[in-house]
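# A look at the structure
Given next are the chains, with one letter for each unit.
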Amino acid sequence: MNPNRFKRFAVFGAALLISSAIFAQNPTKDSALLKIYHGSAPKINDLVNTKLDVRFDYAKHYLYGKEWVTLKPHFYATDSLTLDAKGMDINQIAVVKNGKNVPLKFSYDSLKLKINLDKKYTSAENYTVYLSYTAKPDQLKAVGSAAISDAKGLYFINSDGADKTKPIQIWTQGETESSSAWFPTIDKPDQKTLQEISMTVPSKYVTLSNGKLISQKPAGNGLRTDTWKMDKPNAPYLFMMAVGDFKIYKDHYKDKEVNYYLEPKYAPFAKQIFGFTPELIGFYSQKLGVDFPWNKYSQIVVRDYVSGAMENTTATLHGEYVQKTAREMLDDNYSAGESTIAHELFHQWFGDYVTTESWSNLTVNESFADFSETLWAEHRYGKDEGGAHIYENLQAYLNSKDAQTKNLVRFHYVDKEDMFDVVTYQKGGCILNMLRNYLGEDAFFSGLNLYLRQNAFGNGEAQQLRLAFEKVSGKDLNWFFNQWYYGAGNPDLTINYHWDEAGKTQSVYLAQTQEGAAFTLPMAVDIYAGGKMERHQVWMKGKSDTLTFKLPVKPNLVNVDGDKVIIAKKTDNKTTEEFAFQYFNAPLYIDRLEAILALTGKQNDADARKVMLAALKDKYYGLRTLAIRNISLSDAATKQSALPILTNIAQNDHNNTVKATAIVALGRLKNPADLSLFKSALNSQSYAVQGAALTAFAAQNPAGGLQLAKGFEKDNKGALTRAIVSVYAAQGGETELPFVSKAFDEGTPQIKFNTMQQGYINMLGKINDTQKVNARVDAFKDFAIKYKQFGIDQPVVSMLNQLKTQKQTQANQADAALKSQLNAQADYITKAVDQINGSK
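In this text the structure is predicted, and so the values were computed from the model without any measurement.

## Quick word on the overall build of the protein
Along its length, the protein carries 25 helices and 31 strands. Compactness check: the protein gives a C-alpha radius of gyration of 29 Å against a globular reference of 28 Å for 840 residues, within 12% of the reference. Its C-alpha atoms give the protein principal-axis dimensions of about 90 × 85 × 55 Å. Within the protein, residue pairs in contact and separated by at least 24 positions form 68% of the contacts whose partners lie at least 6 positions apart. Computing the positive centroid from 96 side-chain charges and the negative centroid from 89, the protein places the two 2 Å apart.

Structure below.
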């Protein structure tokens, strides 16, 4: 599961929101629940095979199912079976004997089926139970999580076709335990089963499920039955179905099918979106020493998905954000889409081939998938991209509220959904990267190979991972796993330096200032002196330590944690001169990043200025972008040197993000001489560049910007859409309101909030039509109530009150007819605010 780039945070005023559908957990839960131990689910019966025959009622949102589930007692003989079955009508349950159904007695409480078997079975005996049932997912009251915004298992999208902009689709989402909302099963991750699913659907639609499509047969009345079969066991939460109007792009890895399912209008871009998948499969297969273990790999993109993506075995399901046109992809770097594709594919080994035995050990699924994003970034784009990605992970963890209090493996939590958080994902990925560095590349991947082979088509936990690494490397890793897997937090590391000229001794003072025990930290210390670099491997085992090095000359730089892998909140008290040396001489992305961040705002110093100007031309686009944003042009010397560079970047940089950032920086200067550059940039194929250019042009020529914006209404995405909204909000009126309202309605939660802040509220202050104003107030109210639990309500209330004040002020100066309308609008806003505050 990749919850739409779980690491990308956005701030809503005082509220914190994780982008798209992913939000910080509400901490105000009963702490007594944290005392409950959550281990592996007891195994009384084992799933062996699951055969389903399903039909759909598009009007009622029902699934009519028949199931033949084969099981066997795990060890002890038993005469009973308990299945998870959420919110269903159970029509019949029987045991299959000699081809005949023999009815069984059962009880059902809407969540669990307790079945009395016909006899006591031993672990040497298989038995098959037949069930006839109706699943009613829309009637199920299910709560999602930080990663998954809903949990009803089966979703009917636009089933009546009322929304002409949206396709009719059906799809499923099983993780964590929602598959049992559409078929009875033992819905636990430590169960594995073979499967066969037959779906009867309208003939015009395409289907996708796990495994191989083994048959397609006419079913009468414009229907067709597709049967999909998995020949290797997988967990119930990884079962999937999808039905809809999809175009299939057929690719391959060796002799295995690799297919991409997209909406027809995005089909021409399938190869650009997913085409690197066979290379990715080969790369992972080679690194892990275990070839792709399944008979096919498909990826499908659906609408209104409840998360970012889901690693269903052989059939990953993606949210619509990965569907892009060729123009949109011009602005992609290592995008959320590509990293998600990498993440979900790695799950085919870590999560599907070997599955966590319990949600407490979710790290053996999700931390690996998160780590794989960095692995692929390094391979495809180089060390800088990998370094940027893992640094982003680290910062997401360090800046997350309460994350420092949670173990990576934790058996005490309020709800299993709470495990899908920044600790399991980002911190876990950083931990694996740190362990990779400590063990070395070969030992690390040999350990992964052993773990996968030992637990193939079964379950795993962190202790098995530790034992595999120890067996391969010969190193004891109890200290590492106790500290990073079964412990919480991180060191707060302060580093100070002193050079003793008389004694020719460099001292490095290390202090861990966090509360609690010290972390054991093996690290590289790189010393740059006399034109060469010398590496020292050291261990910090206490809260403070002093390292001393005898050197012939004062070093230019002492670089603690030379590999930049330690998970720590670091205060590194280098001088400006030392950070400048680090930028130009240390090899890693994070080395250069640290220098830029440390020297931002210090451009009166010649060394700092030199770094900031050099960073404008850094080899990595992300650091060029950072330098453009951080460089201060208030310093005359810096401005004189930087302006020609910025102008050249705005015109010629090969990366559109960098180019757009340079245009934004030049736009703030409001130099009339740049207007021709901005107007030329409006002809770019990049939406990001166009958006930056429109904003910059409108800042100097508002009326001209308004007219230019109108010319882009038919073709705009992303940054260009946001730029049009900004121009319309500032300069537009009723004519432009529909465009801004549409951008709000179709945007992610973050885009909705940004649109309100961008001037949408002030724009409505200029609209006198009561019906139009009230319709938008309703949209704001619904937004605030929907995301109230994440703290968005009060910032929205504040903006609505601002709008109310505008209306009241205008009413005091208006004629009688208009005054009545404006006061009615103000009263309507008051009611909306009361509804927001009164909602739960």
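From this point on, the discussion continues.
## What to know about unusual backbone geometry
Negative phi characterises most residues that are not glycine, and trans characterises most peptide bonds. The omega torsion of the bond from E175 to T176 falls at 5 degrees, within 30 degrees of zero and hence cis. Here T176 is to be found in the loop between β12 (169–172) and β13 (193–202). One non-glycine residue, N158, lies in the positive phi region at around 50 degrees. A relative accessible area of 14% means that N158 is categorised as buried.

## Some points on the nonpolar core
Membership of the largest hydrophobic core comes to 180 residues, with the highest contact counts inside it found for Y284, Y485, L616 and I663. Per-element accounting of this core gives the leading share, nine residues, to helix α18 (residues 687–700). Dropping the residues within four chain positions of it, I663 is found in contact with A650, L677, F678, A681, V689, A692, A693 and A696. One finds L52, I93, L117 and Y237 within the second-largest nonpolar core, a separate group that totals 65 residues.

## Description of the packing of aromatic side chains
Describing an aromatic ring pair means giving the distance of the ring centres and the angle of the ring planes. For the structure shown, the criterion picks out 49 aromatic pairs. Between Y37 and F411 the ring centres are 5.4 Å apart and the planes differ by 25 degrees, which places this aromatic pair in the stacked class. With Y37 in the loop between β2 (15–18) and β3 (45–57) and F411 in the loop between α6 (383–398) and α7 (423–439), this pair connects stretches of sequence that are 374 residues apart. F411 sits in the partly exposed class, given a relative accessible area of 23%. Their ring planes at 80 degrees and their centres at 5.6 Å tell us that Y728 and F739 sit as a pair that is edge-to-face. Residue Y728 is found in helix α20 (residues 718–731), and its partner F739 is found in helix α21 (residues 737–746); the two are separated by 11 residues along the sequence. Across this residue pair, the class does not change: Y728 and F739 are buried. Through pairs of rings, three or more aromatic residues link up here, namely F276, F283, Y284, F292, Y297, F346, W349, F350, F368, W376 and Y451. Here the basic side chain of K287 rests over the ring of F445, its NZ or CZ set 4.4 Å away from the ring centre.

## Observations regarding the sheet that holds β12
On the basis of which strands lie adjacent, the open sheet formed by four strands has the order β11-β12-β17-β14 and antiparallel pairing. Of all the strands in the sheet, just β11 (154–157) and β14 (206–209) have a single pairing partner and so form its edges. Neighbour-to-neighbour, the strand axes of the sheet open up by a mean angle of 10 degrees, direction not taken into account. Pairing analysis gives four bridges linking β14 to strand β17 (residues 241–244), with the strands arranged antiparallel. Its bridge partner being in β17, T207 is matched across the sheet by V243.

## Regarding the side chain of E378
Mapped onto the fold, E378 is located in helix α5 (residues 363–381). Ignoring anything within four residues of it in the chain, the contact list for E378 reads K383, G386 and R436.

## Brief notes about the sheet that holds strand β22 (residues 315–319)
With respect to topology, five strands assemble into an open sheet ordered β18-β19-β20-β22-β21, the strand pairing being mixed. Whereas interior strands pair on both sides, the edge strands pair on one side only; in this sheet they are β18 (247–253) and β21 (309–310). When strand β19 (residues 256–262) meets strand β20 (residues 296–302), the two strands line up parallel, connected through five bridges. Paired with E257 across the two strands is K296, which belongs to β20. Taken strand by strand, helix α2 (residues 277–288) contacts β18, β19 and β20, and its axis lies near 35 degrees from that of β18. Packing against the sheet, helix α4 (residues 336–346) makes contact with β20, β21 and β22, and its axis sits at approximately 150 degrees to β22.

## Quick word on helix α8 (residues 441–454)
Residue pairs three or four apart in sequence face the same way in an α-helix, which turns once every 3.6 residues. Between its first and last C-alpha, α8 extends 20 Å over 14 residues, near the 20 Å set by a 1.5 Å rise per residue. Inspection of α8 places A443, F444, F445, G447, L448, N449, L450, Y451 and L452 among the buried residues, and these make up the whole buried set. Contact partners of the buried residues in α8: α2, β23 (354–356), α5, α7, β24 (458–460) and α9 (462–473).

## Topic: the pattern of salt bridges
The full count for this structure, using the stated rule, is 39 salt bridges. Close ionic contact of K772 with E734 constitutes a salt bridge, the shortest N to O distance being 3.2 Å. Of the two residues, K772 is situated in helix α23 (residues 770–786) and E734 in the loop between α20 and α21; the sequence distance between them amounts to 38 residues. The exposure class assigned to K772 is partly exposed, which follows from its relative accessible area of 34%. For E734, a relative accessible area of 36% corresponds to the partly exposed category. Sharing partners across several salt bridges, the network here consists of K287, E378, R436 and E441.

## Remarks on the confidence of the model for the protein
Caution applies to low-pLDDT parts of the model: their predicted coordinates are not meant to be read in detail. Mean pLDDT over the protein: 94, with 96% of residues reaching 70 or higher. Scored below 50 in pLDDT, residues 5–29 makes 81 contacts in the model with residues more than four places away or belonging to other chains.

Reading guide: rules and limits
Residues numbered from 1 in each chain as written. Predicted model: local features only at pLDDT ≥ 70, side-chain atom pairs only at ≥ 80, totals over all residues. Heavy atoms only, no water. Helix = DSSP H or I, 4+ residues; strand = E, 2+ residues; numbered from the N terminus. Rg over C-alpha atoms; globule rule 2.2 N^0.38 Å. Contact = heavy atoms within 4.5 Å. Lys, Arg positive; Asp, Glu negative; His and termini not counted. Charge placed at Lys NZ, Arg CZ, Asp CG, Glu CD. Buried < 20%, exposed > 50% of the residue type's maximum accessible area, 1.4 Å probe, protein only. Core = buried A, V, L, I, M, F, W, Y, C linked by side-chain atoms within 4.5 Å. Phe/Tyr/Trp six-rings, centres within 6.5 Å; stacked < 30°, edge-to-face > 60°. Lys NZ or Arg CZ within 6 Å of the ring centre and 35° of its normal. Pairing = 2+ DSSP bridges. Axes fitted to C-alpha atoms, helices over the stretch in contact; angles between N-to-C directions. Expected span 1.5 Å × (residues − 1). Salt bridge = Lys/Arg side-chain N within 4 Å of Asp/Glu carboxyl O. pLDDT = per-residue confidence, 0-100.

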